[in-house]
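Report on the structure
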Amino acid sequence: MDTNMKHPDNRREQGWVVIASLILAGIAASVTVTWARHAVLAKSSLEMAHGASESEEAARSGINHAREQMRQGDPPGSIADGEEDVVLTEDGHVVTIEREVEDHDRRKLKTKAHKVKGSYTDEAACKAKAKVVPESNAGGKPTRFRKNDGAGLAGAGNVHVITGTTTYANTELIGTFILETGANLTLDNVVVRGVIVTRSGLSEDDPKLTGSSRPSLHFQKNVRILPDASAPDIAIVGPDLVITADSGARLGIEGQVIADEMDLPCRGTIVGMVTTETSSNISSKCKRPGFGRGPQDWSTQLEAGAERVTKISFPAEDYTEAEMDAMEGCDVF
């Protein structure tokens with residue numbers, strides 16, 4: 001036997017096998033990554049298009065429904081006072097909508113949607129906190145004095161009740177001026193130190209007047225309205241009041257104004273929020289410091305009727321101990 005006989009050298013073949021295996025593994029990894037990326041993108045698109053669930057989308061829509069009702073001056077209440085809204089959607093969801101007043105300008109919104117699907121019920125809930133200001137041109141519940149503040153103002157000193165047609169000229173007036181049904185007040189070169197109101201502006205017990213029975217206020221020449229200590233941030237509160245002015249008048253109003261209609265084709269300065277129930281026309285020659293730069297401040301003595309949401313947040317809430325215990329004790333098997 002020839003002990004010097006050499007065996008075929010297959011090291012090169014083994015090397016080719018290793019290289020081929022690496023190439024195949026690389027292709028498989030590339031295909032896997034590509035598929036996984038496609039699956040993730042498809043899942044993301046699905047969530048963006050359809051939401052996490054139909055019930056969650058219905059609950060979110062309930063928040064928008066509440067905002068629209070608030071803007072129209074017909075806001076929902078809470079389950080506790082029996083004033084919640086219940087809406088049945090086209091796809092069969094029952095949505096319960098609540099709104100609670102937390103303080104002067106903050107509201108809490110809660111919605112819950114559920115739908116029976118065979119042997120189980122699909123449910124979702126949504127909670128939000130909103131900041132509001134009085135809305136103009138709403139036609140619903142009007143903005144007016146809070147009941148206690150209005151009663152205190154009407155019962156204070158220097159109260160002047162205006163009936164029929166009345167004109168004040170070349171003078172200075174002090175106090176609270178209440179315009180009765182159909183009253184027509186004209187101010188001609190006058191300074192008012194106080195507040196002008198209608199009965200509907202003082203109390204929710206007096207409904208808004210309509211048509212020719214609405215009180216009216218007209219400005220001529222130079223007119224200034226300067227609030228006093230009884231209502232320091234308020235000049236005029238009349239959700240059923242019609243305010244007009246001569247084109248040659250010059251106005252200086254410091255304080256919030258609430259009216260049904262307002263037409264001011266004149267020069268002047270209005271410092272404070274203006275809210276009208278029906279319509280407003282304020283000349284560009286009237287300066288309005290702060291207007292258009294964001295939500296303006298409004299008096300804590302007033303109660304907003306129609307509410308416009310300026311900010312909304314969806315705060316996360318921690319699980320309660322009972323919920324934690326229930327999750328830990330759950331046996332899915």
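Residues numbered from 1 in each chain as written. Predicted model: local features only at pLDDT ≥ 70, side-chain atom pairs only at ≥ 80, totals over all residues. Heavy atoms only, no water.

1. As for the overall build of the protein chain
Secondary structure assignment for the protein chain yields 5 helices and 18 strands. When each of the 333 residues of the protein chain is scored for burial, the buried share is 35%. Pairs at least 24 apart in sequence give 52% of the contacts found in the protein chain among residues at least 6 apart. With an accessible surface of roughly 19,500 Å², the protein chain has 51% of that area assigned to carbon and sulfur atoms. (Helix = DSSP H or I, 4+ residues; strand = E, 2+ residues; numbered from the N terminus. Buried < 20%, exposed > 50% of the residue type's maximum accessible area, 1.4 Å probe, protein only. Contact = heavy atoms within 4.5 Å. Areas by Shrake-Rupley, 256 points an atom, 1.4 Å probe, with all protein chains shown as cover.)

2. Focus on the confidence of the model for the protein chain
This prediction gives the protein chain a mean pLDDT of 86; 84% of its residues lie at or above 70. Segment residues 43-48 is flagged for pLDDT under 50; beyond a separation of four residues in sequence, or across chains, it makes 1 contact in the model. (pLDDT = per-residue confidence, 0-100.)

3. Some words on the sheet that holds strand E3 (residues 106-117)
Pairing within the open sheet is antiparallel, and its 5 strands lie in the order E1-E2-E3-E4-E18. The sheet is open, and its two borders are formed by strand E1 (85-88) and strand E18 (307-313), each paired with just one other strand. Taking the axes of each pair of neighbouring strands and ignoring which way they run, one obtains an average angle of 30 degrees across the sheet. Strand contacts of helix H2 (residues 54-71): E1, strand E2 (94-101), E3, strand E4 (120-134) and E18, with the helix running at about 140 degrees to E3, the strand carrying the most contacts. (Pairing = 2+ DSSP bridges. Axes fitted to C-alpha atoms, helices over the stretch in contact; angles between N-to-C directions.)

4. Overview of the environment of Gly155
Topologically, Gly155 is positioned in the loop between helix H3 (147-154) and strand E6 (159-162). The class of Gly155 is exposed, set by a relative accessible area of 64%. Spatially, the C-alpha atom of Gly155 lies 9.9 Å from that of Thr176, the residues being 21 residues apart in sequence.

5. As for the pairing of strand E10 (residues 234-237)
Successive residues of a regular strand alternate their side chains across the two faces of the sheet. As paired elements, strand E8 (residues 184-198) and E10 share 2 bridges and run parallel to each other. Looking at E10, one finds that Ile196 is bridged to Ile236. One ladder, built from 3 bridges, connects E10 with strand E13 (residues 256-264); its direction is parallel. Residue pairing in the sheet places Val237 in a bridge with Ile258 of E13.

6. Looking at the packing of aromatic side chains
In total, this model carries 1 aromatic pair according to the counting rule given. Judged by centre distance (6.3 Å) and plane angle (70 degrees), the ring pair of Tyr168 and Phe177 falls under edge-to-face. If you follow Arg288 out to its NZ or CZ, it ends over the ring of Phe291, 3.8 Å from the centre. (Phe/Tyr/Trp six-rings, centres within 6.5 Å; stacked < 30°, edge-to-face > 60°. Lys NZ or Arg CZ within 6 Å of the ring centre and 35° of its normal.)

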